[in-house]
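This is what each chain is made of:
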Amino acid sequence: MFASVALAQPSRLRVLGGYGLPRSLLAAATLSVLGFNPPGILFAPTPADPSGMRCDGVAGAGLWCLVGDSPQSQAVLRWLALVVLAVCVSGWRPSWLCLPQWYITASLAMALPAPSGADYVAQIMAMLLVLLALGDRRRWHWGPPRLAPHWTGAAAAALLAVRVQLSIVYLAATAAKLAQSEWRDGSALPAALLNPSFGVSDGLACLVRSLVGTPASAVATWTVLGLEASLGVLVLAPMAYRRLAIALGVALHGVIAVLLGLPVFGLVMIAAVILSAASSSAGPRPAGQPQVPLLKESGDVLARTAD
């Protein structure tokens, strides 16, 4: 009887603000890509892909490749995807919509002729969120999720994978930058800000040009490197340091989004950093009963069942 009661009691997964906010941000990022870019722009024909879509290998199972490249089919699919993503942003029925959200996100990343880093990160984070949301039976995903004990092990593994993946992203980005002489000598950041494709506005360009070759340029460049390296370490650290990672990540990617006009990249990375602050321990319990890690809690339930 005790075992059956224990199995019936859902466990709380403590996440800073729940996983709802990062899930909504990820959905909003994909929603904005589809909403502001019609298929003719997203899937512009290239010599390598005359249809504008990459449909070779696994990508052929993606949503856009399955419906074909006719304008009518693409228009209908776009609006269906927008509706699903809008509902995901609202937070309704995470267990029902986590798989469609991942499938839309992954299909877009695989089909785009020139996917960005944000597309790949969003695809991975949406996949890992499935392990959190699929066992969450709430109607809305806002607030602490409540998971059945048999689901907590998968949730804890997903949270660990989020942190490891994010650490790899930041540390690899730092290493790649350090391999370039422009980043080592401190001149890379002004060059990036003055890039004609995604640089700052004309009003700020004059200010940036005045900093070229000055100590301020080197300080700003190395600050970016320091923030990325710090984030790569902090997301693997205990909870207090992961909260610091959220503040640093929001500041870094918020500034990048505003100055370089990369809001989708900013939304995706901020969502990932917030999700990294999730805790793999059970939530509030009756007074006098200690907190127990989710994985250990699941093992205890199984042991009690065996008894």
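Residues numbered from 1 in each chain as written. Predicted model: local features only at pLDDT ≥ 70, side-chain atom pairs only at ≥ 80, totals over all residues. Heavy atoms only, no water.

Regarding the overall build of the chain
- Looking only at helices and strands, the chain has 15 helices and 2 strands in total.
- Scored against the burial criterion, the 307 residues of the chain give a buried share of 43%.
- Considering only intrachain contacts with a sequence separation of at least 6, the fraction spanning at least 24 residues in the chain is 72%.
- Surface accessibility of the chain: about 14700 Å² in total, with carbon and sulfur atoms responsible for 71%. (Helix = DSSP H or I, 4+ residues; strand = E, 2+ residues; numbered from the N terminus. Buried < 20%, exposed > 50% of the residue type's maximum accessible area, 1.4 Å probe, protein only. Contact = heavy atoms within 4.5 Å. Areas by Shrake-Rupley, 256 points an atom, 1.4 Å probe, with all protein chains shown as cover.)

A closer look at the packing of helix α7 (residues 117–133) against helix α14 (residues 263–276)
- Interaxial distance between α7 and α14 falls to 10 Å at its minimum, and their mutual angle equals 35°. Relative to α14, the crossing made by α7 is left-handed. Across the interface between the two elements, Ala118, Val121, Ala122, Met125, Leu129 and Leu132 of α7 pack against Phe265, Val268, Met269, Ala272 and Leu275 of α14.
- Here the contact of α7 with α14 is built from residues that sort into 11 nonpolar, no polar and no charged. (Axes fitted to C-alpha atoms, helices over the stretch in contact; angles between N-to-C directions. Left-handed = near helix turned anticlockwise from the far one by under 90°. Nonpolar A, V, L, I, M, F, W, Y, C, P; charged D, E, K, R; others polar.)

Notes on the environment of Leu85
- On the secondary structure map, Leu85 appears in helix α5 (residues 71–90).
- Residues Leu85 and Leu26, 59 residues apart in the sequence, show an inter-C-alpha distance of 9.3 Å.

A few points about the layout of surface pockets
- In this structure, the largest pocket encloses a volume near 1200 Å³.
- Lining the largest pocket are 49 residues, with Phe198, Ile256, Leu260, Leu262 and Phe265 sitting closest to its centre.
- Across the lining of the largest pocket, the residue classes break down as 39 nonpolar, 7 polar and 3 charged. (1 Å grid on protein atoms, 1.4 Å probe; cavity = no way out; pocket = protein on both sides within 12 Å on 5 of 7 lines; lining within 4 Å. Points joined across faces, edges and corners; volume = space filled by probe spheres on them.)

What about empty space enclosed by the protein?
- Summed over all chains, the structure comprises 1 cavity of 30 Å³ or more.
- By volume, the largest cavity amounts to about 60 Å³.
- Ala29, Thr30, Val33, Thr105, Leu108, Ala109, Ala118, Asp119, Ala122, Val264 and Val268 together form the lining of the largest cavity.
- Of all the secondary structure elements, the ones that give two or more residues to the lining of the largest cavity are α2 (20–36), α6 (94–111), α7 and α14.
- Considered class by class, the residues forming the lining of the largest cavity number 8 nonpolar, 2 polar and 1 charged.

Thoughts on the state of the cysteines
- Following the criterion strictly, the structure yields 1 disulfide and no others.
- Each sulfur of the disulfide joining Cys55 and Cys65 lies 2.0 Å from the other. Here Cys55 and Cys65 share a disulfide; its torsion about the S-S bond, -90°, makes the bridge left-handed. Taken together, the residues span a long stretch of sequence, with Cys55 in the loop between α3 (39–42) and α4 (63–67) and Cys65 in helix α4 at a distance of 10 residues.
- Classification of Cys55 as partly exposed rests on a relative accessible area of 34%.
- With no disulfide partner, Cys88 has as its closest neighbouring cysteine sulfur the one in Cys98, 8.6 Å distant.
- Among the residues examined, Cys88 registers a relative accessible area of 0% and is labelled buried. (Disulfide = S-S within 2.5 Å.)

A closer look at the pattern of salt bridges
- This structure, assessed with the given rule, holds 2 salt bridges.
- Asp136 is paired through a salt bridge with Arg138; the nearest N and O atoms lie 2.5 Å apart. For the pair Asp136 and Arg138, a shared accessibility class is recorded, and that class is buried. (Salt bridge = Lys/Arg side-chain N within 4 Å of Asp/Glu carboxyl O.)

Brief notes about unusual backbone geometry
- For Arg93, which is not a glycine, the phi torsion comes out positive at approximately 45°.
- For Arg93, a relative accessible area of 18% puts it in the buried group.

A short note on the nonpolar core
- Ranked by size, the top nonpolar core spans 37 residues in total, and within it Leu26, Leu132, Leu166, Val268 and Leu275 carry the most contacts.
- Put simply, the parts of the chain that give this core at least two residues each are α2, α7, α8 (152–178), α12 (215–234), α13 (239–260) and α14.
- Sorting elements by how many residues they give to this core places α7 first, with 9 residues.
- Once residues lying within four places of it in the same chain are set aside, the contact partners of Val268 are Leu26, Ala29, Ala118, Val121 and Ala122.
- Counting 18 residues, the second-largest nonpolar core is a separate cluster that includes Leu34, Ala81, Ile104 and Leu112. (Core = buried A, V, L, I, M, F, W, Y, C linked by side-chain atoms within 4.5 Å.)

A few points about the side chain of Ser217
- Mapped onto the elements, Ser217 comes out in helix α12.
- Look at Ser217 and you get buried, because its relative accessible area is 4%.
- A polar side-chain atom of Ser217 sits 2.9 Å from the main-chain carbonyl oxygen of Gly186.
- Every residue in contact with Ser217, bar those within four places of it in the chain, is listed here: Gly186, Ser187, Pro190 and Leu211. (Polar contact = N/O pair within 3.5 Å; in protein donor to acceptor, adjacent residues only side chain to side chain.)

Some thoughts on the confidence of the model for the chain
- With 84% of its residues at a pLDDT of at least 70, the chain reaches an overall mean of 83.
- For residues 1–13, every residue scores under 50 in pLDDT, and the model assigns this stretch 38 contacts once sequence neighbours within four places are set aside.
- With pLDDT under 50 throughout, residues 281–307 is counted as low confidence; its partners more than four residues away or in other chains account for 45 contacts. (pLDDT = per-residue confidence, 0-100.)

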